[in-house]
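Structural overview for review
The primary structure of each chain is shown beneath.
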Amino acid sequence: MKPISLKKLWISVLAMLLLGVATGAVWQWQAKPAEWEVRSDGSIVLTEIAARDQFGVIVVFVIAGAIVSLIWGFAATFALRDLGWRLTPFVILTTLVAAVIAWQVGVALGPEGPRAAVDPSVGDLLPSKLEIDSIPPFVAWPLFGMLGVVLSTWMSKEEAPEHVGAYEL
């Protein structure tokens, strides 16, 4: 096994973490958070139609992360082939960290939520904060990163020599 290039390793990590930042910005830009409606009695309500937008926010996060992780996993396999089996935990850990970074960037750049509204008027629509309230959206990132590894490995698979696995009599 060849020695691992630490420079390639750190460049790969830095690239994915920066992609996490960029993906968080894209998530915030593309996601349409649910909107709370200010009622005449001063309450704010999330209508059933608006509630589906909460799910849409998660879908955008997963799709953006899946695309970025797939491409990065594919490229990382070529750049870090010398890692061997250690590429698997490396891709999983790096994509998970990038997912958390993307989530935090999106939340920081996104709307502050209805509680932050100052003196809302009746009929105003107040956007929710961008939220991910479960683990599965984060798990999608490493799954697609590993899919990129598998695809890259499969596409670059060399044919085994004819004598490998053959029995001599």
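In short, a report on the structure. The shown structure was predicted, so the numbers you read here are calculated from the model rather than taken from an experiment.

Another aspect to go through is the environment of E112. If you trace the backbone, E112 turns up in the loop between α3 (87-109) and β3 (125-127). Look at E112 and you get exposed, because its relative accessible area is 64%. Sequence separation between E112 and L130 is 18 residues; the distance between their C-alpha atoms is 8.4 Å.

Closest axis-to-axis distance for the α3/helix α4 (residues 136-155) pair is 8 Å, and the angle between their directions is 140°. When the interaxial angle is binned, α3 and α4 end up oblique. You can see that α3 and α4 cross each other, and the crossing is right-handed. Across from L87, T88, V91, I92, T95, L96, A98, A99, V100, A102 and W103 in α3, the residues of α4 making contact are F138, W141, P142, G145, M146 and V149. Classifying every residue of the contact of α3 with α4 gives 14 nonpolar, three polar and no charged.

Attention shifts here to the side chain of T77. Mapped onto the elements, T77 comes out in helix α2 (residues 48-79). Judged by its relative accessible area of 2%, T77 falls in the buried class.

As a further point, take the packing of α2 against α3. At a minimum axis distance of 11 Å, the contact between α2 and α3 shows a crossing angle of 145°. Read as a crossing pair, α2 and α3 show a hand that is right-handed. Touching F61, S69, W72, A76 and T77 of α2 are L87, F90, V91, T94, T95, A99, A102 and W103, all from α3. Tallied by class, residues from the contact of α2 with α3 come to nine nonpolar, four polar and no charged.

Turning next to the packing of aromatic side chains. On inspection of all chains with the given rule, the structure shows six aromatic pairs. With centroids separated by 6.0 Å and ring planes inclined at 40°, the aromatic side chains of W72 and F90 adopt a geometry described as tilted. You can see W72 sitting in helix α2 and its partner F90 sitting in helix α3, a full 18 residues away along the chain. On the accessibility criterion, W72 (6% relative accessible area) is buried. A relative accessible area of 13% places F90 in the buried class. Arranged with centres 5.4 Å apart and planes meeting at 70°, the rings of F74 and F78 form a pair that is edge-to-face. Residue F74 and its partner F78 are both found in helix α2; the two are separated by four residues, about one turn of the helix.

Along the chain, the position of E131 falls in the loop between β3 and α4. Judged by relative accessible area, which is 47%, E131 ranks as partly exposed. Residues E131 and Q104, spaced 27 residues apart in sequence, show a C-alpha to C-alpha distance of 9.6 Å. Beyond its immediate chain neighbours, meaning those up to four positions away, E131 contacts W27, V57 and I58.

So, how was this worked out
- Each residue is numbered by its place in its chain's sequence as written, counting from 1.
- Under the rules for a predicted model, residues below a pLDDT of 70 receive no local features and side-chain atom pairs below 80 are neither given nor counted, while totals for whole chains, interfaces and linings still include all residues.
- Excluding hydrogens and water, the side-chain values take into account all heavy atoms of the structure.
- Only runs of H or I of at least four residues qualify as helices and only runs of E of at least two qualify as strands under DSSP, and these elements are numbered from the N terminus.
- Categorising residues by exposure relies on relative accessible area from a 1.4 Å probe, with only protein chains included: less than 20% of the type maximum marks a residue as buried, more than 50% marks it as exposed, and the intermediate range marks it as partly exposed.
- Between N-to-C directions, angles span 0 to 180 degrees; the directions come from axes that are lines fitted to C-alpha atoms, helices contributing only their stretch in contact.
- For classification purposes, an angle smaller than 35 degrees is called roughly parallel, one larger than 145 roughly antiparallel, one from 65 to 115 roughly perpendicular, and anything else oblique.
- Left-handed describes a crossing whose near helix is turned anticlockwise from the far helix by less than a right angle; the clockwise case is right-handed.
- Any two residues whose heavy atoms approach within 4.5 Å at even a single point are treated as in contact.
- Throughout this entry, Asp, Glu, Lys and Arg are counted as charged residues, while Ala, Val, Leu, Ile, Met, Phe, Trp, Tyr, Cys and Pro are counted as nonpolar. The remaining residues, Gly among them, count as polar.
- Geometry of aromatic contacts follows a simple scheme: Phe, Tyr and Trp rings, the Trp one being its six-membered ring, pair when their centres are within 6.5 Å, and the pair is stacked under 30 degrees between planes, edge-to-face over 60, tilted otherwise.

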